[in-house]
Amino acid sequence: MKKAVVFQIVFITIISLNVSGCSDKQSYTKFSPMEFRIDSSLVSSSETFFEDFSIQLPNNFQQLESNLIQEIKSRIEDQKDTHVIDPKVVDIYTDSLNNSLILSSLNENNLLSKLENEFLMQIRQRYQESFNISYFTINGIPVVYFQIYNDDFVNLKIFLLENAGFQLDFMIKNNRYREYSKIIESSIGTIKRNNTKENN
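Each value, and the rule that gives it
Residues numbered from 1 in each chain as written. Predicted model: local features only at pLDDT ≥ 70, side-chain atom pairs only at ≥ 80, totals over all residues. Heavy atoms only, no water. Phe/Tyr/Trp six-rings, centres within 6.5 Å; stacked < 30°, edge-to-face > 60°. Helix = DSSP H or I, 4+ residues; strand = E, 2+ residues; numbered from the N terminus. Buried < 20%, exposed > 50% of the residue type's maximum accessible area, 1.4 Å probe, protein only. Pairing = 2+ DSSP bridges.

Asks: Would you take a moment to explain the packing of aromatic side chains for this structure?
Replies: Within this structure, the stated rule accounts for 9 aromatic pairs. Each ring, one from F31 and one from Y135, has its centre 5.5 Å from the other, and the planes form 85 degrees; the classification is edge-to-face. Here the residue F31 occupies a position in the loop between α1 (2-16) and β1 (32-33), and Y135 occupies one in strand β7 (residues 131-138), the gap between them amounting to 104 residues. On the basis of relative accessible area, Y135 is assigned to the partly exposed category, the value being 24%. Judged by centre distance (4.7 Å) and plane angle (70 degrees), the rings of F119 and F146 are edge-to-face.

What follows is the structure in structure tokens.
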């Protein structure tokens, strides 16, 4: 089972993370605030911190064992020649059904431009019409949001266009997506900056 989780995450990550980037300072005129319906009963009461941000995870998501995270990092590292940039996996959370959230830090200039050009071109070639792209802000953070569909999973890719950039990937099984949609919406809506002493 654990080996299946590793293979599944690595396979999806290599397919869908092979292009990304980071942001320079620019005006995000196309980004409008997004209102999320947050059901606090569906997410953890505590915050999970990642670099300058935090999120409240779905209740049923638990941190993957450290040895499995390291194995996934190593396998992705072995594939880095296929990446336009090199996303660094920070942490991975999964549930009992192998739905997952991958947190990855980025360190590249011009994220928005790369997402709208190289990344979007490859997504179109790979998935044709099986994806959507949106621009909005989450609690003031400018975000580029991709919904990518394949035979097995819905991959929700959330690019935070601040500082060195950050990427969150929710990967939800197709047959569970409708059931999980409110859970994921509630979790995404809790993403925020941590720029005060109280949040550090």
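Next, the rest of the story.
Asks: What should I look at first to understand the sheet that holds strand β2 (residues 48-50) in this one?
Replies: Within a beta sheet, neighbouring strands are joined by backbone hydrogen bonds and run either parallel or antiparallel to one another. Read across the open sheet, the 3 strands follow the order β2-β3-β11; overall the sheet is antiparallel. Pairing within the sheet leaves two strands with one partner each, and these edge strands are β2 and β11 (192-193).

Asks: Would you mind going over unusual backbone geometry with me for this structure?
Replies: Both trends apply: most residues other than glycine have a negative phi, and most peptide bonds are in trans. With phi around 50 degrees, E51 is a residue other than glycine that occupies positive phi space. You will see that N139, though not glycine, has its phi angle at about 50 degrees, which is positive. Within the secondary structure, N139 is located in the loop between β7 and β8 (141-149).

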